[in-house]
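Structural overview
Each chain, letter by letter, is given below.
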Amino acid sequence: MADKAVFSLNGYHFNRVDLNLDNLKPNATLDINFAPSGKFNQAKHTFSLSFAFKATCNDVDVVFVNCMAEFEFKDELKFEEIPEFFYGNSIAILFPYIRSMVSTITLQANIQPLILPILNLVSLKDQLKANTQVLND
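Residues numbered from 1 in each chain as written. Predicted model: local features only at pLDDT ≥ 70, side-chain atom pairs only at ≥ 80, totals over all residues. Heavy atoms only, no water.

Remarks on the overall build of the protein chain
- The helix and strand tally for the protein chain stands at 2 helices and 5 strands.
- Listing the helices and strands of the protein chain from first to last along the sequence gives β-β-β-β-α-α-β.
- Dimensions along the principal axes, computed over C-alpha positions, put the protein chain at roughly 50 × 35 × 25 Å.
- Counting across all 137 residues of the protein chain, residues that qualify as buried make up 34%.
- For the protein chain, the proportion of contacts with a sequence separation of at least 24, taken over those separated by at least 6, is 69%. (Helix = DSSP H or I, 4+ residues; strand = E, 2+ residues; numbered from the N terminus. Buried < 20%, exposed > 50% of the residue type's maximum accessible area, 1.4 Å probe, protein only. Contact = heavy atoms within 4.5 Å.)

So this is what it looks like as structure tokens:
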């Protein structure tokens, strides 16, 4: 019999989606960046993840999306007790939604769509943990 999950995704939404195609030349090289941060609410056993994606060209933002998600832990725990695998897995859970949004908005803009490859973003787990605030309300 399988164990119950330690955490679950309650939901997600995009709170910011920007597309700036001014001065974007065909076949321009884009630099991509991901920025995860979180808020852990110990009293409610929830973790709010903010996961931003930015594509720039010559230091000008071309695409910016920010996805907000709320995860709930099965048991009461302190920040120090959050399992290490949570940070990498929560990012991996949200990445397909970000990937889809970036493809959709660039396709709908009638330009060559920006299709992000499938990426292993486990290296962002330490950044997420370091950029997490602990709330006690």
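Points about the sheet that holds strand 4 (residues 60-73)
- Read from one edge to the other, the open sheet built from 5 strands follows the order 1-4-3-2-5, with strand pairing classed as mixed. Edge strands, defined here as strands with exactly one partner in the open sheet, are strand 1 (7-19) and strand 5 (132-135). With strand direction ignored, the average angle separating the axes of adjacent strands in the sheet is 15°.
- With 11 bridges connecting them, strand 2 (residues 31-41) and strand 3 (residues 46-57) associate as antiparallel partners. Bridging across to strand 3, Asn 41 finds its partner in Thr 46.
- Running at roughly 40° to strand 1, helix 1 (residues 84-108) makes contact with strand 1, strand 2, strand 3, strand 4 and strand 5 of the sheet. (Pairing = 2+ DSSP bridges. Axes fitted to C-alpha atoms, helices over the stretch in contact; angles between N-to-C directions.)

Notes on the layout of surface pockets
- There is about 290 Å³ of room inside the largest pocket.
- Here the lining of the largest pocket is composed, by residue class, of 10 nonpolar, 3 polar and 1 charged. (1 Å grid on protein atoms, 1.4 Å probe; cavity = no way out; pocket = protein on both sides within 12 Å on 5 of 7 lines; lining within 4 Å. Points joined across faces, edges and corners; volume = space filled by probe spheres on them. Nonpolar A, V, L, I, M, F, W, Y, C, P; charged D, E, K, R; others polar.)

Considerations on the packing of aromatic side chains
- With the rule as written, the count across this model stands at 16 aromatic pairs.
- Judged by centre distance (6.2 Å) and plane angle (90°), the ring pair of Tyr 12 and Phe 14 falls under edge-to-face.
- Of the residues examined, Phe 14 reaches a relative accessible area of 21% and is grouped as partly exposed.
- Between Phe 73 and Phe 86 the ring centres are 4.9 Å apart and the planes differ by 55°, which places this aromatic pair in the tilted class. In this pair, Phe 73 is assigned in strand 4 and Phe 86 in helix 1, connecting sequence segments 13 residues apart.
- Through a chain of ring-to-ring contacts, three or more aromatic side chains come together here, namely Phe 7, Phe 40, Phe 47, Phe 71, Phe 73, Phe 79, Phe 85, Phe 86 and Tyr 87.
- In this arrangement the basic side chain of Arg 16 is found over the ring face of Phe 64, its NZ or CZ atom lying 4.2 Å from the centre. (Phe/Tyr/Trp six-rings, centres within 6.5 Å; stacked < 30°, edge-to-face > 60°. Lys NZ or Arg CZ within 6 Å of the ring centre and 35° of its normal.)

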